[in-house]
Amino acid sequence: MKWIFITNSKYFNFEAAIRDDEVGFKDNNYKIEPGDIVYIYEAGKEKWIRFKCVVTSANNERTVTDERKYGGWGKDEPIFNFTVSLDYEFSSPITFSQLVEHGISPKRISVTKSSRKPEVFEFLEECEALDRIRNEPQEAEEETSVIGGERTATVKQRINQTYFRDRLIKKYGKCAVCGNDEIRLLNASHIIPWRDCDDNAKIELNNGLLLCPAHDRCFDLGYISFDENGKIMVSSKLSKDNKALLNIKSSQKIELTEDMKPYMDYHRKNIFQK
Ligand SMILES: [Zn+2]
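Residues numbered from 1 in each chain as written. Predicted model: local features only at pLDDT ≥ 70, side-chain atom pairs only at ≥ 80, totals over all residues.

Focus: unusual backbone geometry
Definition in use: Secondary structure is summarised from DSSP: a helix means a run of H or I of at least four residues, a strand means a run of E of at least two, and numbering begins at the N terminus for each. Using C-beta atoms placed from the backbone, we call a residue buried if 20 or more other C-beta atoms fall within 10 Å of its own, exposed if 12 or fewer do, and partly exposed for counts in between.
Positive phi, normally seen in glycine, also occurs at Lys47, with a value near 60°. Position of Lys47 among the secondary structure elements: in the loop between β3 (37–43) and β4 (48–57). The backbone of Asn247 sits at a positive phi, close to 60°, despite the residue not being glycine. Asn247 sits in the partly exposed class, given 15 other C-beta atoms within 10 Å.

Listed below in structure tokens is the structure:
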């Protein structure tokens, strides 16, 4: 199970305590188990999640003499029921408004459980993956500096591509054109081609379509594109017979959200072969 727990930076310096060692929380109303994940929401001045922790022990009632290790509100007895240690620190914390946008009730952040609000925790996992990607290329660069930039670029590309495809599969699960859902056959296609993208657009979900190999190739080479309503556009370079062989019908339509439109505009103007 995953949780969000709240601590108040006005009363308690969570950052200092967790860097030091474990931090204990008091809460016996919840069935928290060792190995559970706890995201710490820091209320007070900052209002964000910066730390992901793992539960190291639970169901114990211990009295701590060191109050600095107690993650409660700083006004109760320093007895805690579970302890956590640091698992991941976000380089860009997840803010209050981002959490609210993804389903957290602004009035009740304190103790949120993943079985109740799975979408929030999915979002947190995405944030972590993005955060790691942003930081990993640098690490890869350091490791492979002797070999040179080429391998660094390959490592970065592979991480990005896998992450991009995983998220598209999760979002769509099938070819946007024909509905083929044999996952192993599906390609993560960039709407603005990879070579023309900046780093953000390379992993931006709105710049992606999940397509079967044939339709991926057609889209890539500009034989097909989509209009502002998501309706398929077919190049005049594609013969009627080949269109039929490729199972492309003029009635086909994809769901084109507002956020995807700028990317598709680019494809229509620059890649599509009228
Ligand atoms: Zn297809």
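From this point on, the discussion continues.
What to know about the nonpolar core
Put simply, the rule is: Put simply, a nonpolar core is a cluster of buried Ala, Val, Leu, Ile, Met, Phe, Trp, Tyr and Cys residues tied together by C-beta atoms within 7 Å. Here contacts are defined at the residue level, using C-beta atoms placed from the backbone and a cut-off of 7 Å between them.
Residues Phe5, Val38, Tyr39, Ile40, Tyr41 and Val84 are the most contacted members of the largest nonpolar core, which totals 28 residues. The set of elements that each furnish at least two residues to this core consists of β1 (2–8), α1 (14–20), β2 (23–25), β3, β4, β7 (82–95) and α3 (118–143). Examining the composition of this core, we find that five residues originate from one element, β4, more than from any other. With residues near it in sequence (within four places) discarded, Phe5 still touches Phe25, Val38, Ile40, Tyr41 and Val111. Val177, Leu210, Leu211 and Met260 belong to the second largest nonpolar core, which has 23 residues in total.

A short note on the sheet that holds β7
In any sheet, the strands associate via hydrogen bonds between backbone groups, in a parallel or an antiparallel arrangement. Convention followed: Any two strands with at least two DSSP bridges between them are considered paired.
Sheet architecture is open: six strands sit in the order β2-β7-β4-β3-β1-β8, paired in mixed fashion. The outermost strands of the open sheet, each flanked by one partner alone, are β2 and β8 (112–113). Sheet topology note: the β4/β7 ladder contains eight bridges and is antiparallel. Paired with Val54 across the strands is Ser85, a residue of β7.

Observations concerning helix α6 (residues 213–220)
Counted only if it meets this: Taking the helix axis as origin, the arc is that swept by the directions to the C-beta atoms.
Listing the buried residues of α6 in full gives His215, Asp216, Cys218 and Phe219. All buried residues of α6 project into a common sector of 165° when viewed along the axis, lining one side. On the buried face of α6, the contacting elements are β9 (187–190), β10 (208–211) and β11 (224–226). Looking one or two places after α6, you find Gly222, whose phi comes out positive at around 80°.

Some points on helix α8 (residues 261–270)
All of the buried residues in α8 are Tyr263, Met264 and His267. The buried residues of α8 occupy an angular sector of 95° when projected down its axis, which confines them to one face. When the buried face of α8 is taken as reference, the exposed residues oriented beyond 90 degrees from it are Lys269 and Asn270.

Focus: the confidence of the model for the protein chain
Rules: Scored from 0 to 100, pLDDT records how confident the predictor is in each individual residue.
Confidence along the protein chain averages 83 in pLDDT terms, with 82% of residues attaining 70 or more. The element-level mean pLDDT for the protein chain is lowest in strand β5 (residues 62–63), coming to 60, with β11 highest at 97. Low pLDDT, under 50, characterises residues 139–146; the predicted model gives this stretch six contacts beyond four residues in sequence or across chains.

Here we look at the environment of Gly103
Take Gly103: it is sitting in the loop between α2 (96–101) and β8. For the pair Gly103 and Glu119, spaced 16 residues apart in the sequence, the C-alpha separation amounts to 7.0 Å.

Re the environment of Lys117
Tracing the backbone through its elements, the reader meets Lys117 in the loop between β8 and α3. Separated by 12 residues in sequence, Lys117 and Ser105 place their C-alpha atoms 10.0 Å apart. Aside from chain neighbours lying at most four places away, what touches Lys117 is Gly103, Ile104 and Thr112.

Details of the pairing of β1
By the criterion of burial, β1 is predominantly enclosed, with five of the seven residues buried. Bridge analysis of β1 against β3 gives seven bridges, and the strand direction is parallel. Within the sheet, the bridge partner assigned to Thr7 lies in β3 and is Glu42. Of the strand pairs in this sheet, β1 and β8 are connected by two bridges, and their pairing is antiparallel. For Trp3, the partnering residue across the bridge sits in β8 and is Lys113.

As for the pairing of β7
The pairing of β2 with β7 spans three bridges and is antiparallel. What sits directly across from Phe25, in β7, is Phe82.

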